[in-house]
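In case you want the letters, here they are:
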Amino acid sequence: MTTSDSVDSAVELILNSNFAIAFTGAGISVESGIPPFRGKDGLWSKYDPNVLDLNNFFLFPVESWKVIKEIFYDFFGSAKPNSAHIALAELEHRKMIKAVITQNIDNLHTIAGSKEVYEFHGNSRMLVCPNCGENYVAAEVDLNEIVPLCNKCHGVLKPDFIFFGESITTLAYQKSVEAAEKADLVIIIGSTGEVTPASMIPTIAKQNGAKIIEINPERSLFTDSVTDVFLQGKATVIMEQIINELKLKV
Ligand code: NAD
């Protein structure tokens, strides 16, 4: 199948769906300048993934915070949504998709205007004190002060996203599973499918009869297991083609 044939098939599926959802991974934010974790230019080729291991964070908070600040606050902080994030917000506004389930913690779907966003792995905009549970807006905390401490109990603050070894936030998990069970179409954008349990979301939808569109420059674990229409290419390019075919203006 050529890419343009596939875009036609994808548009057909979108127009005929009653409850479409998007499921996004790090790939949708690559063209906003945020690298994924895995792969040749991924963050783990430069940094040690252990900085996001919960036990390691508590054992070595200074070392962990230095890297966390550099990746998730100095770097992510200046990123802007790209045309793929904006296209998903427009599809929701037009009631063509019902929700975005994202593995990303960069807040770009919300900044782009998506309203129903289920952040499977939490979000970097808030910090939490694991000791007393107090929450802080990261932008209001002086992160040059390493390590940032809780004003109430002086515990070490942690970004409020899921570290390796930590369980998934119940509400985001519940809402994502509910949406996957109801969905008759899932648009997967930029995910390897290697991170569980998030990768179960398209599978749950598929088992309930949903069709699956996948957008990725590379094949993923989803491509041969659940994908019906594989659109090989960058998120912005393919989403712009879909928006054009749907004759929407963004
Ligand atoms: P991943 O890092 O495992 O894989 C990224 C995927 O994106 C790959 O399949 C790659 O081929 C694809 N990709 C690369 N460029 C693309 C483009 N321009 N358009 C579309 N797709 C593109 O990502 P993952 O499967 O989402 O899992 C990694 C975990 O890392 C996630 O749980 C996520 O929380 C976290 N993460 C988040 C961010 C972020 O918030 N932006 C960044 C890095 C990692």
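Residues numbered from 1 in each chain as written. Predicted model: local features only at pLDDT ≥ 70, side-chain atom pairs only at ≥ 80, totals over all residues. Heavy atoms only, no water.

A. Examining the overall build of the protein chain more closely. The secondary structure content of the protein chain amounts to 8 helices and 9 strands. In terms of C-alpha radius of gyration, the protein chain reaches 18 Å, essentially the compact-globule figure of 18 Å for 250 residues. In terms of its C-alpha atoms, the protein chain occupies a principal-axis envelope of roughly 55 × 35 × 35 Å. The 250 residues of the protein chain split such that 52% are buried. Taking as baseline every contact in the protein chain between residues at least 6 positions apart, the subset at least 24 positions apart corresponds to 66%. Within the structure as shown, the protein chain displays about 12,100 Å² of accessible surface, and the carbon and sulfur contribution to it stands at 51%. The centroid of the 21 positive side-chain charges in the protein chain is displaced by 4 Å from the centroid of its 31 negative side-chain charges. (Helix = DSSP H or I, 4+ residues; strand = E, 2+ residues; numbered from the N terminus. Rg over C-alpha atoms; globule rule 2.2 N^0.38 Å. Buried < 20%, exposed > 50% of the residue type's maximum accessible area, 1.4 Å probe, protein only. Contact = heavy atoms within 4.5 Å. Areas by Shrake-Rupley, 256 points an atom, 1.4 Å probe, with all protein chains shown as cover. Lys, Arg positive; Asp, Glu negative; His and termini not counted. Charge placed at Lys NZ, Arg CZ, Asp CG, Glu CD.)

B. Structural view of the packing of aromatic side chains. In total, this model carries 9 aromatic pairs according to the counting rule given. Relative to phenylalanine 163, the ring of phenylalanine 57 lies with its centre 5.3 Å away and its plane at 80 degrees, an arrangement referred to as edge-to-face. Residue phenylalanine 57 is located in helix α2 (residues 54-59), and its partner phenylalanine 163 is located in the loop between β6 (158-161) and α6 (170-182); the two are separated by 106 residues in the primary sequence. Using a relative accessible area of 2% as the deciding quantity, one classes phenylalanine 163 as buried. An aromatic cluster of three or more residues is present, and its members are Phe57, Phe58, Phe72, Phe161 and Phe163. The cationic tip of arginine 219 hangs over the ring face of phenylalanine 230; the distance from NZ or CZ to the ring centre is 5.6 Å. (Phe/Tyr/Trp six-rings, centres within 6.5 Å; stacked < 30°, edge-to-face > 60°. Lys NZ or Arg CZ within 6 Å of the ring centre and 35° of its normal.)

C. Examining the site of the ligand more closely. As a matter of local geometry, the ligand sits amid 27 residues, with Ala26, Gln103, Asp106, His121 and Asn216 nearest to it. Separating an oxygen atom of the ligand from a side-chain N or O atom of asparagine 216 is a distance of 2.7 Å. Burial of the ligand by the protein chains amounts to 93% of its free accessible area of 850 Å². Comparing atom positions with the cavity grids shows the ligand to sit within the largest pocket. Among the residues making up the shell around the ligand, the classes are represented as 11 nonpolar, 11 polar and 5 charged. Among the domains, domain 1 (1-34 + 81-121 + 169-250) and domain 2 (35-78 + 123-161) are the pair contributing at least three residues each to the shell around the ligand. (Near = heavy atom within 4 Å. Polar contact = N/O pair within 3.5 Å; in protein donor to acceptor, adjacent residues only side chain to side chain. 1 Å grid on protein atoms, 1.4 Å probe; cavity = no way out; pocket = protein on both sides within 12 Å on 5 of 7 lines; lining within 4 Å. Sits in = over half its atoms within 2 Å of the grid points. Nonpolar A, V, L, I, M, F, W, Y, C, P; charged D, E, K, R; others polar. Domains from an automatic or database assignment.)

D. Looking closely at the nonpolar core. Leu52, Trp65, Ile68, Phe72, Tyr73 and Leu127 are the most contacted members of the largest nonpolar core, which totals 29 residues. Secondary-structure elements contributing two or more residues to this core are α2 and α3 (61-75). Tallying contributions element by element places α3 first for this core, with 6 residues. Mapping this core onto the domain boundaries places at least three of its residues in each of domain 1 (1-34 + 81-121 + 169-250) and domain 2 (35-78 + 123-161). Aside from chain neighbours lying at most four places away, what touches leucine 52 is Phe37, Trp44, Ile68, Phe72, Phe161, Phe163 and Phe164. Ranked by size, the runner-up nonpolar core spans 27 residues in total, among them Ile28, Ala87, Val229 and Ile238. (Core = buried A, V, L, I, M, F, W, Y, C linked by side-chain atoms within 4.5 Å.)

E. Region of interest: the sheet that holds β6. The strand order across the open sheet formed by 3 strands is β5-β4-β6, and the pairing between neighbours is antiparallel. Two strands lie at the open edges of the sheet, namely β5 (135-137) and β6, each paired on one side alone. In this sheet, adjacent strand axes meet at a mean angle of 50 degrees when their direction is disregarded. With 3 bridges connecting them, strand β4 (residues 122-128) and β6 associate as antiparallel partners. Along β6, the bridge assignment pairs leucine 127 with proline 159. (Pairing = 2+ DSSP bridges. Axes fitted to C-alpha atoms, helices over the stretch in contact; angles between N-to-C directions.)

F. How the structure looks around the pairing of strand β2 (residues 99-102). Neither face of β2 is exposed, since Ala99 and Ile101 on one face and Val100 and Thr102 on the opposite face are all buried. Sheet topology places strand β1 (residues 20-24) next to β2; 4 bridges connect them, and they run parallel. Counterpart to alanine 22 in the pairing with β2 is valine 100. Across 3 bridges, β2 lies against strand β3 (residues 117-119) in parallel orientation. The residue of β3 that forms the bridge with isoleucine 101 is tyrosine 118.

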